[in-house]
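Coordinates in review
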Amino acid sequence: LVVLSTFTLFSFRNALELLAEERRGEAVRLAEMIAGRLAGGRLPSQAELRSFAPHARGIAVADREGHALVSAGEIPSSALLAPFLEEALAAGPDEALPDRVAGRAPLGADRWVRVDLAAEVLPAQQRGVGVLSVVVLGLNAALLLLVLSFLRHLMVPWETLIERARQMGAEQGPGEGEI
């Protein structure tokens, strides 16, 4: 039971991380697709930008410093590149982006496309798995202590059975029970 619950817990944690990574990858792919469509150099209108990914929470074209040149949807107007660590193309969900994931792609030498996708449930599950980890590992430790403290009592019937078998073998003597 302890091994099974621990394995299940770590599998769930891994599945959440894979889901977050998949969502970040989706944001990067959308940003790359939009950057490919905007490769001509002119800035799109808000409606045109929104039409590239209508399900995205927000889309923006930013300059090198991270200021929005044009944006659509729920997206900050400045510091658009701040959530991304160094050369990372994806970010979130984390403290900087608590309810979303973001992906970016270069658009020429001095512009970036940023796409934000919703991820409301994922951060809540990631917070919940921390509490779940403490509870499951605590219960597993308590269960192990309980089993170890009662192990002697659990083995009494087995030891009695073995002792009776030895006594019966000794009473029959050598060769009496053989065919």
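Residues numbered from 1 in each chain as written. Predicted model: local features only at pLDDT ≥ 70, side-chain atom pairs only at ≥ 80, totals over all residues. Heavy atoms only, no water.

When helices and strands are counted, the protein shows three helices and five strands. Along the protein, helices (α) and strands (β) appear in the sequence α-α-β-β-β-β-β-α when read from the amino end. What you see for the protein is a C-alpha radius of gyration of 31 Å, clearly larger than the 16 Å of a compact globule of 179 residues, by over 25%. The principal-axis extents of the C-alpha atoms in the protein amount to approximately 100 × 35 × 25 Å. Evaluated residue by residue, the protein yields a buried proportion of 32% over its 179 residues. A sequence separation of at least 24 residues applies to 52% of the contacts in the protein between residues at least 6 apart. (Helix = DSSP H or I, 4+ residues; strand = E, 2+ residues; numbered from the N terminus. Rg over C-alpha atoms; globule rule 2.2 N^0.38 Å. Buried < 20%, exposed > 50% of the residue type's maximum accessible area, 1.4 Å probe, protein only. Contact = heavy atoms within 4.5 Å.)

Our next topic: the pairing of strand S5 (residues 111-118). Most of S5 is tucked away: six of the eight residues are buried. Bridge count for strand S1 (residues 58-63) against S5 is six bridges, and the pairing is antiparallel. Within S5, the position partnered with Ile 59 by the bridge is Val 115. Of the strand pairs in this sheet, strand S4 (residues 100-107) and S5 are connected by eight bridges, and their pairing is antiparallel. Across the sheet, residue Gly 103 finds its bridge partner in S5, namely Val 115. (Pairing = 2+ DSSP bridges.)

Turning next to the sheet that holds strand S3 (residues 90-91). On the basis of which strands lie adjacent, the open sheet formed by five strands has the order S2-S1-S5-S4-S3 and antiparallel pairing. Strand pairing shows two members of the sheet lacking a second neighbour, strand S2 (68-73) and S3, which therefore form its edges. Against the sheet, helix H1 (residues 2-37) touches S1, S3, S4 and S5, its axis set at about 30 degrees to S4. (Axes fitted to C-alpha atoms, helices over the stretch in contact; angles between N-to-C directions.)

What the rule picks out here adds up to twelve salt bridges. Arg 57 is the partner of Glu 120 in a salt bridge, and the nearest nitrogen-oxygen pair spans 3.4 Å. In this pair, Glu 120 is assigned in the loop between S5 and helix H3 (121-172) and Arg 57 in the loop between helix H2 (46-52) and S1, connecting sequence segments 63 residues apart. Between Arg 152 and Glu 159 there is a salt bridge, with its nearest N and O atoms 3.4 Å apart. A relative accessible area of 36% means that Glu 159 is categorised as partly exposed. Residues participating in the shared-partner salt-bridge network are Arg 57, Glu 74, Asp 99, Arg 100, Arg 114, Asp 116 and Glu 120. (Salt bridge = Lys/Arg side-chain N within 4 Å of Asp/Glu carboxyl O.)

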